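Overview (structure and organization)
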Amino acid sequence: HDHPSLSRILLVSTISGGGLIAYSEANASFYSNNGVETGTRKKKVVLLGTGWAGASFLKDLNNPSYEVQVISPRNYFAFTPLLPSVTCGTVEARSVVEPVRNIGRKKNLEVSFLEAECFRIDPGSKKVYCRSKQGLDSKGKKEFDVDYDYLVIATGAQSNTFNIPGVEENCHFLKEVEDAQRIRRTVIDSFEKANLPNLNEEERKRILHFVVVGGGPTGVEFASELHDFVTEDLVKLYPKAKNLVQITLLEAADHILTMFDKRITEFAEEKFSRDGIDVKLGSMVTKVNEKDISAKTKGGEVSTIPYGMIVWSTGIGTRPVIKDFMKQIGQGNRRALATNEWLRVEGCDNIYALGDCATINQRKVMEDIVDIFKKADKDNSGKLTQREFQEVIDDDICVRYPQVELYLKSKGMRGIADLLKQTQAENGSNKPIELSIEELTSALCQVDSQVKFLPATGQVAAQQGTYLAKCFDRMEECEKNPEGPIRIRGEGRHRFRPFRYRHLGQFAPLGGEQTAAQLPGDWVSIGHSSQWLWYSVYASKQVSWRTRVLVVSDWVRRFIFGRDSSRI
Ligand code: FAD
């Protein structure tokens, strides 16, 4: 047995020497029966997932004292921001993927990969239970288990259907490379189908009606890509389709791209209207049938629209394995695994979660902040002066909890003291600011309800992967010399500094070689120049030179020859 549980001491008979070796995990060393140390067993890190979080963890982990076991149902990393481009053949599927073995191979680390899906995590026995698509023995057994010392969960999320009837059966999702390839084939199929004889005009129109549900960045980018594909390439090859094809975007909120600056939202809506993309705002999909989709407006009016193809892009939901794990550890009422700011799953030792499957526990953060203030109140008077307040905020809270800082900045506030001032002004009190735990709690509740969880983006996931890899690299060193902040509860310091997200900006490609860019400091740029910025950023962000060359050559090929419309 390779990895016994912490408390157990195993006696292992060696084939070569015939002697006994006692193994104690507490110091992870092997001893021969005469007590001489024979070697140190490496701690086994099991990594679930090879997406943004998993791949960046793997890429940045450098400490050779670990044995890394990667488990994922796909043996590659996919550069998801280019998936919308794959749906229309602007970029080929193979150009946006990198084999995970390539990512792990460059290391002096012991890394192995198993292509399988984890279906159960058992923190009690420190095992993960996995299922492979391939038969593992002559009886076709597909399941196996793997022990771990540390578990890193980076399984991402799945598309959310909100249990709306017919979505699962009739819609395309845009989450994986296979989804993008399927969409590409279906678009071309639709044009071929609409070109067949014996169809009436109405039927042709239905087949060429493409509906996108969800006005977030993915839905908007897909709608623009499809519009470009149709107008720049397909109508030249299928001239009869020109007046029949229609793209509709359904969005439940009052605007598309709500997470972007208002100027970007307005520009995108105007551009789509000029391009003839029908944006229906305030439309909540209620049902999807094989050939039509029903949506309800805010006024309660229900309309049914015939369609040929739907792409569903309304956000993300929890994977079953994570749901099951959350139930086991008492987090069953949450939507994502709650971690502390060091990305360790709450209530579990040695289990970390990052990326789309995890979230930093906001309620806990608020409790901690109240504790920080209480601790700063040295004479237990229940009050702090405004200056003391500000010091605690600047020196402690904003360092520990960047999401609070981001929120306050977005509100144009210097700190929680400003927020308290505002609360007091609203409540009609003009007292000088002093810490009253009651007032503080009510001010913090405001923050709590408004601070956004870290966005579910590749940017967050990749930064978390890098952060955790660095923590693992310095685990032993930091055990001896902790470098993190002073503990709020208990003595001493935390081993590491908490995770701190640095927002580098976001893009929304809008088609026609125009992109909207929102960079830090709320710097907004829209148009052709941002498109060139988009090209350079996405070329530079590729995980390898191989994919970088492939992606850039795909862009050049598309400029010269247009997109390929063969259905293969
Ligand atoms: P993922 O990247 O989804 O990876 C999850 C991994 O876990 C995969 O390897 C999967 O195979 C594996 N896995 C799944 N189930 C199991 C299991 N049971 N056991 C083991 N392994 C499992 N973000 C940006 O920042 N910028 C963008 O421009 C952007 N564009 C996007 C465009 C599209 C079309 C999409 C779909 C997403 C986009 N995102 C973007 C969001 C970004 O892709 C996600 O936030 C990011 O992928 C999350 O990373 P992750 O590692 O948590 O999950």
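Everything discussed here concerns the structure shown above.
The paragraphs below set out a description of the structure included in this document. Everything quoted here is computed from the prediction, not taken from an experiment. (Residues numbered from 1 in each chain as written. Predicted model: local features only at pLDDT ≥ 70, side-chain atom pairs only at ≥ 80, totals over all residues. Heavy atoms only, no water.)

A word on helix 15 (residues 458–473)
For an α-helix, the turn length of 3.6 residues means that residues three or four places apart are oriented alike. Formally: Strands are runs of DSSP state E lasting at least 2 residues, helices are runs of H or I lasting at least 4, and numbering of each runs from the N terminus. The length a helix should cover is 1.5 Å for every residue beyond the first. Residue exposure (1.4 Å probe, protein chains only): buried if accessible area is under 20% of the type maximum, exposed if over 50%, otherwise partly exposed. Contact between two residues is taken to exist if any of their heavy atoms lie within 4.5 Å; hydrogens are not considered.
With 16 residues, helix 15 should cover 22 Å at 1.5 Å per step; its first-to-last C-alpha distance of 22 Å lies within 8% of that length. Three or more residues of helix 15 are buried, namely V460, A461, A462, Q463, Q464, G465, Y467, L468, A469, C471 and F472. Contact partners of the buried residues in helix 15: strand 5 (43–48), helix 1 (52–60), strand 6 (66–72), strand 13 (150–153), strand 25 (351–353) and helix 16 (475–480).

Comments concerning the packing of helix 17 (residues 528–540) against helix 18 (residues 545–561)
Quick note on the threshold: Orientation is described by lines fitted to C-alpha atoms, with helices fitted over the stretch in contact, and by angles between N-to-C directions that extend from 0 to 180 degrees. Note on terminology: angles under 35 degrees are roughly parallel, angles over 145 are roughly antiparallel, angles of 65 to 115 are roughly perpendicular, and the others are oblique. All amino acids are sorted into three groups, where Ala, Val, Leu, Ile, Met, Phe, Trp, Tyr, Cys and Pro are nonpolar, Asp, Glu, Lys and Arg are charged, and the leftover types, Gly among them, are polar.
Relative to each other, helix 17 and helix 18 sit at 150°, their axes nearing to 9 Å. With respect to each other, helix 17 and helix 18 are oriented roughly antiparallel. On helix 18, the residues that touch W534, Y535, Y538, A539 and S540 of helix 17 are R548, V552, W555, R558 and F559. A per-class count over the contact of helix 17 with helix 18 returns 7 nonpolar, 1 polar and 2 charged.

Comments concerning the packing of helix 5 (residues 177–194) against helix 7 (residues 217–237)
This is how the line gets drawn: Crossings are assigned a handedness: left-handed for a near helix turned anticlockwise from the far helix by less than a right angle, right-handed for a clockwise turn.
In the contact formed by helix 5 and helix 7, the axes pass within 13 Å of each other and the chain directions differ by 45°. Looking at the two axes, helix 5 sits oblique to helix 7. Considering only the axes of helix 5 and helix 7, their crossing is right-handed. In contact with I183, V187, I188 and F191 of helix 5, helix 7 contributes F222, L226, F229, V230 and L234. Grouping the amino acids of the contact of helix 5 with helix 7 by side-chain chemistry returns 9 nonpolar, no polar and no charged.

So, the pairing of strand 27 (residues 506–511)
Regular strands place side chains that alternate from one sheet face to the opposite one. What counts here: Whether two strands pair depends on DSSP finding at least two bridges between them.
Of all the 6 residues making up strand 27, 5 are buried; the element is thus mostly covered by neighbouring parts of the structure. Bridge count between strand 27 and strand 28 (residues 514–519): 5 bridges; the pairing is antiparallel. Residue pairing across strands places F507 opposite A517, the latter belonging to strand 28. Remark: 2 residues form the turn of the hairpin made by strand 27 and strand 28, two consecutive strands paired antiparallel; G512 in that turn has positive phi of roughly 60°.

Let's talk about the layout of surface pockets
Inclusion rule: The rule is simple: put a 1 Å grid over the protein atoms alone, call a set of points where a 1.4 Å probe fits but cannot get out a cavity, call an open set with protein on both sides within 12 Å along at least five of seven lines a pocket, and count a residue as lining if it has an atom within 4 Å of a point. Grid points are joined across faces, edges and corners, and a volume is the space filled by probe spheres set on the points.
The computed volume of the second largest pocket comes to approximately 460 Å³. If you go around the second largest pocket, you meet 20 residues; those closest to its centre are N340, W342, R344, R487 and H494. A per-class count over the lining of the second largest pocket returns 6 nonpolar, 4 polar and 10 charged.

Focus on empty space enclosed by the protein
Applying the stated rule across the entire model yields 2 cavities of 30 Å³ or more. Lining of the largest cavity is provided by 17 residues; of these, E225, D228, G511, E513 and Q531 occupy positions nearest its centre. Residue assignment for the lining of the largest cavity shows that the elements contributing at least two residues are helix 7, strand 27, helix 17 and helix 18. In terms of residue count, helix 7 provides more of the lining of the largest cavity than any other element does, 4 residues in total. Looking at the lining of the largest cavity residue by residue, the class counts come to 4 nonpolar, 7 polar and 6 charged.

Digging into the packing of aromatic side chains
One pair of aromatic rings is described through two measures. These are the centre distance and the angle between the planes. Applied cut-off: By convention, a stacked pair of Phe, Tyr or Trp rings (six-membered ring in the case of Trp) has centres within 6.5 Å and planes under 30 degrees apart, an edge-to-face pair has planes over 60 apart, and any other such pair is tilted.
One pass over the full model with this rule turns up 18 aromatic pairs. Arranged with centres 6.3 Å apart and planes meeting at 80°, the rings of Y66 and Y150 form a pair that is edge-to-face. Of this pair, Y66 sits in strand 6 while Y150 sits in strand 13, and the two are 84 residues apart along the sequence. Residues Y66 and F472 carry aromatic rings whose centres are separated by 5.6 Å and whose planes lie at 55° to one another, so their mutual orientation is tilted.

Here's the deal with the sheet that holds strand 28
Backbone-to-backbone hydrogen bonds join strands into a sheet, with any given pair of strands oriented parallel or antiparallel. A sheet is described by the order of its strands in space; here 3 strands give the open sequence 27-28-29, paired in antiparallel fashion. In the strand order of this sheet, the two ends are held by strand 27 and strand 29 (523–527), each with one partner. Averaged over all neighbouring strand pairs, the angle between strand axes comes to 10°, with direction disregarded. Of the pairings in the sheet, the one linking strand 28 to strand 29 comprises 5 bridges and is antiparallel in character. Residue L519 lies in a different strand from strand 29, and its bridge partner there is W523.

With respect to the environment of A252
Position of A252 relative to the elements: it lies in the loop between strand 17 (246–251) and helix 8 (262–275). Take A252: its relative accessible area is 31%, and that puts it in the partly exposed class. For the pair A252 and R184, spaced 68 residues apart in sequence, the C-alpha separation works out to 26 Å. Residues within four places of A252 in sequence aside, it is in contact with G282, S283, M284 and K298.

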